[in-house]
Amino acid sequence: MNILWNADKYAKDFSFVHQYGNGVLELIDTGKANTAIDLGCGNGVLSGKLRDMGLDVIGIDSSPEQLAIARRDFPDINFIEADAISFEVNKPVDVIFSNAVFHWIDKDKQSNMLHSIHASLVKGGQLVFEMGGYGNNMLIHRELSKAFNRRGLKYRIPFYFPTIGEYAAMIEKEGMLVTYAILFDRPTALNGDEGMNDWIRMFIRTPFKDVDKETENEIINETAENLRNDLFKNGTWYSDYVRLRMKAIKP
């Protein structure tokens, strides 16, 4: 994942990402934990929540733009710039927490990331996370694909959205035991009259890498209009999120 983030806009208009992470935090057994890593910590909001739960936290992210905000807002937390695929820590921790990050990692790199996670947990340590799951944003990606195809362009979903069974098998292959898993729909309200356009511009980056700006704007506007009947309700845009929430233990 090598994305240049507009970190201020992300914090302002897409705060629902970390707000929904509050529910994932409830899976952590703090009675058996003192130290934690927030893997893919972004702007550090959830790292702050982990700290408030009494945990000594390290935030890890690959985005210098996001980390600059995290360090500004949470100067008492140690933030490290590193890749989730190959990160290392000096001392294993009790909890590795992650919200809305794992689906950004290519499928063929997932085992590398899970190997790093396993190596960074103490015996009995907890992996707690939420990511996009099977069917996530299916309507949005379907319409984007159609818009690309109409222009003779190829669209590839730039994310990995697994089923429970698929991802549980990956986790257990790396030596951890899955103790909780749920796949659920979570339609999510977007901000403003241009909410869908803004969402696409923020999160769907790599498919537009070689597309000129005029064509990009045409595709985004066309996609939003074609989604209006399904995802614009009572004056509000929604994204058709499906989330995979899981917990695993290192035996």
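Thresholds, definitions, all that
Residues numbered from 1 in each chain as written. Predicted model: local features only at pLDDT ≥ 70, side-chain atom pairs only at ≥ 80, totals over all residues. Heavy atoms only, no water. Axes fitted to C-alpha atoms, helices over the stretch in contact; angles between N-to-C directions. Helix = DSSP H or I, 4+ residues; strand = E, 2+ residues; numbered from the N terminus. Parallel < 35°, antiparallel > 145°, perpendicular 65-115°, else oblique. Left-handed = near helix turned anticlockwise from the far one by under 90°. Contact = heavy atoms within 4.5 Å. Nonpolar A, V, L, I, M, F, W, Y, C, P; charged D, E, K, R; others polar. Buried < 20%, exposed > 50% of the residue type's maximum accessible area, 1.4 Å probe, protein only. Lys, Arg positive; Asp, Glu negative; His and termini not counted. Salt bridge = Lys/Arg side-chain N within 4 Å of Asp/Glu carboxyl O. Polar contact = N/O pair within 3.5 Å; in protein donor to acceptor, adjacent residues only side chain to side chain. Phe/Tyr/Trp six-rings, centres within 6.5 Å; stacked < 30°, edge-to-face > 60°. Lys NZ or Arg CZ within 6 Å of the ring centre and 35° of its normal. Arc of directions from axis to C-beta.

**Student:** Describe the packing of helix 8 (residues 195–203) against helix 9 (residues 213–231), with residues and values.
**Tutor:** In the contact formed by helix 8 and helix 9, the axes pass within 9 Å of each other and the chain directions differ by 130°. Compared by their axis directions, helix 8 and helix 9 come out oblique. Of the two elements, helix 8 crosses helix 9, and the hand of that crossing is right-handed. Contacts between helix 8 and helix 9 pair Met196, Asn197, Ile200 and Arg201 from the former with Asn217, Ile220, Asn221, Thr223, Ala224, Leu227 and Leu231 from the latter. Partitioned by chemical class, the residues of the contact of helix 8 with helix 9 number six nonpolar, four polar and one charged.

**Student:** Talk me through the side chain of Asp240; I want residue IDs and the actual numbers.
**Tutor:** With respect to the helices, strands and loops of the structure, Asp240 is situated in strand 8 (residues 236–249). No salt bridge is formed by the buried Asp240; the nearest opposite charge belongs to Arg142, separated by 7.8 Å. A distance of 3.1 Å separates a polar atom in the side chain of Asp240 from the backbone nitrogen of Met138.

**Student:** Before we move on, could you go through the packing of aromatic side chains and cite the residues and values that matter?
**Tutor:** Taken as a whole and judged by the stated rule, the model has ten aromatic pairs. Both rings, one in Phe148 and one in Phe208, keep their centres 5.2 Å apart while their planes meet at 55°; by these two values the pair is tilted. Separated by 60 residues along the polypeptide, Phe148 in helix 6 (residues 138–150) and Phe208 in the loop between helix 8 and helix 9 bring together distant segments of the chain. Each member of the pair, Phe148 together with Phe208, is buried. Ring pairing ties together the aromatic residues Phe102, Phe129, Tyr160 and Tyr167, which thus form one cluster. Lying across the ring of Tyr241, Arg186 places its NZ or CZ 6.0 Å from the centre. Residue placement shows Arg228 over the ring face of Phe232; its charged tip is 4.9 Å from the ring centre.

**Student:** Provide a residue-level description of helix 5 (residues 110–119), including the pertinent values.
**Tutor:** Those residues of helix 5 not exposed but buried are Gln110, Met113, Leu114, Ser116 and Ile117. Angularly, the buried residues of helix 5 cover 155° about the axis, an arc narrow enough to put them on a single face. Among the structural elements, strand 1 (35–39), strand 4 (93–99), strand 5 (121–132) and helix 7 (164–173) are those in contact with the buried residues of helix 5.

**Student:** Go over the pattern of salt bridges, please, and point to the residues and values.
**Tutor:** In total, this model carries 14 salt bridges according to the counting rule given. Across the pair Arg51 and Asp76 runs a salt bridge, and its minimum N-O distance is 3.0 Å. Taken together, the positions of Arg51 in helix 3 (residues 45–52) and Asp76 in the loop between helix 4 (64–73) and strand 3 (78–81) put the pair 25 residues apart, joining distant regions of the chain. Among the salt bridges present, the one from Glu216 reaches Lys213, with a minimum N-O distance of 3.6 Å. With Glu216 and Lys213 both in helix 9 and three residues apart, this pair spans about one turn of that helix. Relative accessible area serves as the criterion here: at 12%, Glu216 is assigned to the buried category.

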